[in-house]
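Residues per chain are reported as follows:
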Amino acid sequence: MVKSFQLSFSFGHPQTQNASVQSRRDLRNSNPNPNSYGNPNSTRKGEVSDLKMQLRQLAGSRSPGTDDSKRDLFKKVISYMTIGIDVSSLFSEMVMCSATSDIVLKKMCYLYVGNYAKGNPDIALLTINFLQKDCKDEDPMIRGLALRSLCSLRVANLVEYLVGPLGLGLKDGNSYVRMVATIGVLKLYHISAATCIDADFPAMLKHLLLNDPDTQVVANCLSALQEIWSLEASQSEEASREREALLSKPVIYYFLNRMKEFSEWAQCLVLELVAKYVPSDSNEIFDIMNLLEDRLQHANGAVVLATIKLFLQLTLSMTDVHQQVYERIKAPLLTLVSSGSPEQSYAVLSHLHLLVMRAPMLFSSDYKHFYCQYNESFYVKKLKLEMLTAVANENNTYEIGECTIAVTQCFTEIAVVGKSVCPVTELCEYAANVDIPIARESIRAVGKIALQQYDVNAIVDRLLQFLEMEKDYGTAETLVLVKDLLRKYPQWSHDCIAVVGNISSKNVQEPKAKAALIWMLGEYAQEMQDAPYVLESLIDNWDDEHSAEVIRKCTSPCESIFCTSIGTFFVRLHLLTAVMKCFLRRPPETQKALGAALAAGLADFHQDVHDRALFYYRLLQHNVSVAENVVNPPKQAVSVFADTQSSEIKDRIFDEFNSLSVVYQKPSYMFTDKEHRGAFSFTEELGNLSIGVESASNVVSAQIVEASDNDLLLSTSEKEESRGPSSNGSAYSAPSYGASSNHPLPAHSPQSSLAIDDLLGLGLTISANPEPLPPSLMLNPRAVLDPSAFQQKWRQLPISVSQEYTMNPQGVAALTTPQSLLRHMQGHSIYCIASGGQAPNFKFFFFAQKVEELSTFLVECVINSSSCKAQLKIKADDETTSQAFSDLFQSALSTLGTP
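For the protein, the name recorded in an unreviewed UniProt entry is Beta-adaptin-like protein, with Rhododendron griersonianum as its organism. Looking at the protein in UniProt, the text filed under Sequence similarities (unreviewed entry) is "Belongs to the adaptor complexes large subunit family." What UniProt records for the protein under Subunit (unreviewed entry) is the sentence "Adaptor protein complexes are heterotetramers composed of two large adaptins (beta-type subunit and alpha-type or delta-type or epsilon-type or gamma-type subunit), a medium adaptin (mu-type subunit) and a small adaptin (sigma-type subunit)."

Structural data, given as structure tokens:
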């Protein structure tokens, strides 16, 4: 996992670092002629040839001042290499000139050798003798530098020359040399794992880990052993046992007792290790937290975040203590946000944002800390706006009372009269900001607060005032939000439509805003007197529907064409539907506009626009009453809007706390290369959205699962889902091409009542969910597993299978009594260890064991009865049988509720 904020590891000794500074200073002072960089190749070749001759002359010279002359030549070589000139032809001469005691010359030579060795393995052999010789030098700095350079050659056929120097380096009396040697072992492992294991280097690292007096050597050993044993664990049982031994109580306490001796980087490494440790009881948890309490006050942000992650992980199964941890970590996080560089503030603020989204009620009283400062960067302001939106509730939104606001055009000149400013008032001030992106985000934030509150009177009034700002961006953003408000609060249609009706469609250019206005014209055609005529004017400009705003945002001509096409397509689809709704309510005034719209739609080059126009035309031909039921049926208010991120993604980001995943707001598999994702990473074939080693946050006891909406461990979307099924939900699944018409869905299937087969005579049907293959795995009918053992296994084992399964209607109906599922699965030798939830979301934890051996399967099954979907996560001791068990589990689910 890619870690953020942690200090980059330096292998350098203080004296070596001083030498590095001196070397860089000498390089700057040399100041090679910049005009030579742009000379033709022939001139460069001539310069390289001259350097070669001069180096050869100085190679065997011992006269006074030779080292100074070598420095000048070496600096020229390094400068040429830095700007991309090939100086590999000087390899032999550089190696010969390295026979000196000048450490600056040696460092420049090592830099040169490391740069060209991998691409020129044959000439890299020339460096072995002098590097091995330097590894035995009297000066420990030279020994360490030579060993580091030797391990950095990265040439596979030279690994035999690394074993001896590394063995000596691990036993060296100087801590700097041992520190370099420990990381050298890891480099050797990546070049040739077999050579590293055969030389018994992991055992030597383990000895240093537990006995070396230097904490930096211990930290390097820990880092190297974790990586080596993690990679070897899948092939070696011994490595697997050694990896588990790192999480034993004596080793963990050994590191905790030496915590204050470690550097910041090493402390973060130890805290990451302790976060994987499973304490035996709550007393041990409190002991660890008390011991590390002072780390929350550390000046280094990485240490503070690593400590916070540890505290959150330790208390996941202790709801009350978990809430107290949230309260305890607020002050350190807010302190880090207000101190340090803007980049560090943003990184810490991203983690605070994650915690706010998971437990907004705990941060609701601290909303003033999230107010924007005029001199903050855009990305910081945007993040703070999102947090203000998250913490706003009925109490803090209006608790201040009425505030008299003098809103001016400049954010720095806004004056507020009154005791303080409530979140909505603060956001409304930002909407008048001259910074247009911030103003847009502020208007969206006000709209989001309105969508999540119950008493929205004052918020809607504020929102409608944005339409009177006479700013195109303000009008556009507000129209989109008003559309969503009307979908959730239809009772506000009279006030909203009265204001929206005064807006000219000619002043709305952005596609989303124009589509929102068109939607309101069709949905409220009876309340808006000019609706048919406004729609008619839009249809008359059908071919001129290109959005200037979309074109402005695109960066190239080709992209501009594509973006314009998307905006046009989006608006025209809404226009077709709106004119149909208007026609069904006001036929005489809209008949002409409808004919023009259908004709234009049928001639449109967008396939979707063409298909929708053809569908409406055929629908009207068939029956106008049926068309009204299809296009304009009775609607219920939307209770919950779809979230952009699933709860599973949010939980995965929380599991990767104190990493770049939090800053990017996406799991690591979405931005890392495949070779860095780990053994059980995301694969497109499985479509697995939960990757890597599962966190203890997913080990939910029955009490946690059955908690109410106020449970802080639930993510935001889970809270919304638990309130009940969404009124705008649908079980419709799109028709699949090539499906056989000989196997229609049963009459009782929810899909059959919602799907519309063959809109355009293509002979399409909906394919049923394929039946699982017969199981080939035998399970133990008397399997037994202790809850604590289940929890420990769940935390340690990675997910081997993650799938979504469509349940049959009978099975979903049987969930009215969840105990029926437990009895049904028990009949298939699959036992439930914890369950809970309420309609439409149910969560179950199952376990099973193979009949012939002690191999355990663990299952998390989350069932949504409204969508008939079951999300399955399976972990197993023997991962090779995971898919077979998944087939057996799905086979058992398929027979739930059937006689």
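After presenting the structure, the write-up continues.
When you look at the overall build of the protein in this model, what are you seeing that I'm missing?
Counting its regular elements, the protein contains 43 helices and seven strands. Burial status across the protein gives 51% buried among its 899 residues. When contacts within the protein are restricted to residue pairs at least 6 apart in sequence, those whose partners lie at least 24 apart make up 68%. Counting only carbon and sulfur atoms, one obtains 52% of the accessible surface of the protein, whose full area is about 42,100 Å².

Would you take a moment to explain the pairing of strand 4 (residues 831-838) for this structure?
Moving residue by residue along a regular strand, the side chains alternate between the two faces of the sheet. Summarising the sheet, strand 4 and strand 5 (residues 841-849) pair through seven bridges and their orientation is antiparallel. If you follow Tyr831 over to strand 5, its bridge partner there is Phe847. Once strand 4 ends, the chain turns through two residues before running back antiparallel as strand 5.

Honestly, the pattern of salt bridges in this entry has me stumped. Any pointers?
Here the idea is simple: oppositely charged side chains can pair when their charged atoms come close. In total, this model carries 31 salt bridges according to the counting rule given. In this structure, Asp651 engages Arg358 in a salt bridge whose closest nitrogen and oxygen atoms are separated by 3.1 Å. Of the two residues, Asp651 sits in helix 35 (residues 647-655) while Arg358 sits in helix 20 (residues 342-358), which places them 293 residues apart along the sequence. Between Glu477 and Arg444 there is a salt bridge; the shortest N-O distance is 2.8 Å. Highlighted residues: Glu477 in helix 26 (residues 472-488) and Arg444 in helix 24 (residues 436-452), separated in sequence by 33 residues. Note on Glu477: relative accessible area 8%, which makes it buried. Among the residues examined, Arg444 registers a relative accessible area of 29% and is labelled partly exposed. Connected through shared salt-bridge partners, Arg440, Glu441, Arg444, Glu477 and Glu510 make up one network.

How should I be thinking about the nonpolar core in this particular structure?
One broad trend across soluble globular proteins is that nonpolar side chains are buried collectively. Membership of the largest hydrophobic core comes to 136 residues, with the highest contact counts inside it found for Val87, Tyr112 and Leu352. Leaving out residues up to four positions away in the same chain, Val87 has contacts with Val48, Val77, Tyr80, Met81, Tyr112 and Tyr116.

Before we go on, may I ask you to explain the packing of helix 24 against helix 26 in this structure?
Angle between the axes and distance between the axes are the two parameters that describe a pair of packed helices. Where helix 24 contacts helix 26, the axes come no closer than 10 Å and their chain directions differ by 10°. Taken together, the axes of helix 24 and helix 26 are roughly parallel relative to one another. For the pair helix 24 and helix 26, the contacting residues are Ile436, Ala439, Arg440, Ile443, Arg444, Gly447, Ala450, Leu451 and Gln452 in the first and Tyr473, Gly474, Glu477, Thr478, Leu481, Asp484, Leu485 and Lys488 in the second. Class assignment of the residues belonging to the contact of helix 24 with helix 26 gives a composition of eight nonpolar, four polar and five charged.

Help me understand the pairing of strand 5 in this model?
Counting buried residues along strand 5, nine of its nine residues qualify, which places the element largely inside the surrounding structure. By the alternation rule, side chains of strand 5 split into Asn841, Lys843, Phe845, Phe847 and Gln849 and Phe842, Phe844, Phe846 and Ala848, which are all buried. Bridge count between strand 5 and strand 6 (residues 856-864): nine bridges; the pairing is antiparallel. Across the sheet, Ala848 pairs through a bridge with Phe857, a residue of strand 6. As consecutive antiparallel partners, strand 5 and strand 6 are separated by six residues.

Whenever I open this one, the packing of aromatic side chains confuses me. Can you help?
What describes a pair of aromatic rings is the distance from one ring centre to the other and the angle between the planes of the rings. Counted by the stated rule, this structure contains 18 aromatic pairs. When the ring of Tyr664 is compared with that of Phe671, the centres are 4.7 Å apart and the planes differ by 90°; the resulting orientation is edge-to-face. For Phe671, a relative accessible area of 26% translates into the label partly exposed. An aromatic cluster of at least three residues, connected via ring pairs, comprises Phe844, Phe846, Phe857, Phe885 and Phe889. Sitting over the ring of Phe654, Arg358 keeps its end group 3.8 Å from the ring centre. Positioned above the aromatic ring of Trp794 is the side chain of Lys875, whose terminal nitrogen or guanidinium carbon lies 4.2 Å from the ring centre.

Explain the environment of Asn632 to me, please; I cannot follow it from the model alone.
By secondary structure assignment, the location of Asn632 is in the loop between helix 34 (624-631) and helix 35. Taking the C-alpha atoms as reference, Asn632 lies 9.6 Å from Gly522; in sequence the two are 110 residues apart. In this structure Asn632 touches Glu523, Lys581, Leu584, Arg585 and Ala627, once residues within four positions along its chain are discounted. In terms of polar contacts, Asn632 uses its side chain to reach the side chain of Arg585, at 3.0 Å.

When you look at empty space enclosed by the protein in this model, what are you seeing that I'm missing?
Where empty space is left can be seen by rolling a probe of water-molecule size over the atoms. Per the stated rule, a full pass over the model turns up two cavities of 30 Å³ or more. Its boundaries defined by the atoms lining it, the largest cavity holds a volume of some 40 Å³. In terms of lining residues, the largest cavity is bounded by Ile128, Leu150, Leu153, Arg154, Val155, Leu158, Leu162 and Ile191. Class assignment for the residues of the lining of the largest cavity results in seven nonpolar, no polar and one charged.

Please clarify how helix 29 (residues 531-540) should be interpreted in this entry.
It helps to recall that an α-helix has 3.6 residues per turn; residues three or four apart then point in one direction. Looking only at helix 29, the buried set comprises Ala531, Pro532, Leu535, Leu538 and Ile539. On an axial view of helix 29, the arc spanned by its buried residues comes to 125°, and they lie on one face.

Sorry, what's going on with the environment of Phe370 here?
Looking at the element boundaries, Phe370 is found in the loop between helix 20 and helix 21 (378-391). On the accessibility criterion, Phe370 (1% relative accessible area) is buried. For the pair Phe370 and Leu385, spaced 15 residues apart in the sequence, the C-alpha separation amounts to 7.4 Å. If near-sequence neighbours (up to four positions away) are discounted, Phe370 is found in contact with Leu334, Leu352, Val356, Phe363, Lys384, Met387, Leu388 and Val391.

Looking at this structure, how should I read helix 35?
The element helix 35 is largely enclosed, with a buried count of nine among its nine residues. Inspection of helix 35 places Ser647, Glu648, Ile649, Lys650, Asp651, Arg652, Ile653, Phe654 and Asp655 among the buried residues, and these make up the whole buried set.

Whenever I open this one, the confidence of the model for the protein confuses me. Can you help?
Regions with low pLDDT carry predicted coordinates that are not meant to be interpreted in detail. Here the protein averages 76 in pLDDT, while 76% of its residues score no lower than 70. A low-confidence stretch, residues 399-421 (pLDDT under 50), is modelled with 40 contacts involving residues beyond four sequence positions or located in other chains. This stretch, residues 547-565, has a pLDDT under 50; its non-local contacts, to residues over four places away or in other chains, come to 17 contacts.

About the thresholds
- Residues numbered from 1 in each chain as written.
- Predicted model: local features only at pLDDT ≥ 70, side-chain atom pairs only at ≥ 80, totals over all residues.
- Heavy atoms only, no water.
- UniProt positions renumbered as here; feature names shortened; annotations may be inferred.
- Helix = DSSP H or I, 4+ residues; strand = E, 2+ residues; numbered from the N terminus.
- Buried < 20%, exposed > 50% of the residue type's maximum accessible area, 1.4 Å probe, protein only.
- Contact = heavy atoms within 4.5 Å.
- Areas by Shrake-Rupley, 256 points an atom, 1.4 Å probe, with all protein chains shown as cover.
- Pairing = 2+ DSSP bridges.
- Salt bridge = Lys/Arg side-chain N within 4 Å of Asp/Glu carboxyl O.
- Core = buried A, V, L, I, M, F, W, Y, C linked by side-chain atoms within 4.5 Å.
- Axes fitted to C-alpha atoms, helices over the stretch in contact; angles between N-to-C directions.
- Parallel < 35°, antiparallel > 145°, perpendicular 65-115°, else oblique.
- Nonpolar A, V, L, I, M, F, W, Y, C, P; charged D, E, K, R; others polar.
- Phe/Tyr/Trp six-rings, centres within 6.5 Å; stacked < 30°, edge-to-face > 60°.
- Lys NZ or Arg CZ within 6 Å of the ring centre and 35° of its normal.
- Polar contact = N/O pair within 3.5 Å; in protein donor to acceptor, adjacent residues only side chain to side chain.
- 1 Å grid on protein atoms, 1.4 Å probe; cavity = no way out; pocket = protein on both sides within 12 Å on 5 of 7 lines; lining within 4 Å.
- Points joined across faces, edges and corners; volume = space filled by probe spheres on them.
- Arc of directions from axis to C-beta.
- pLDDT = per-residue confidence, 0-100.

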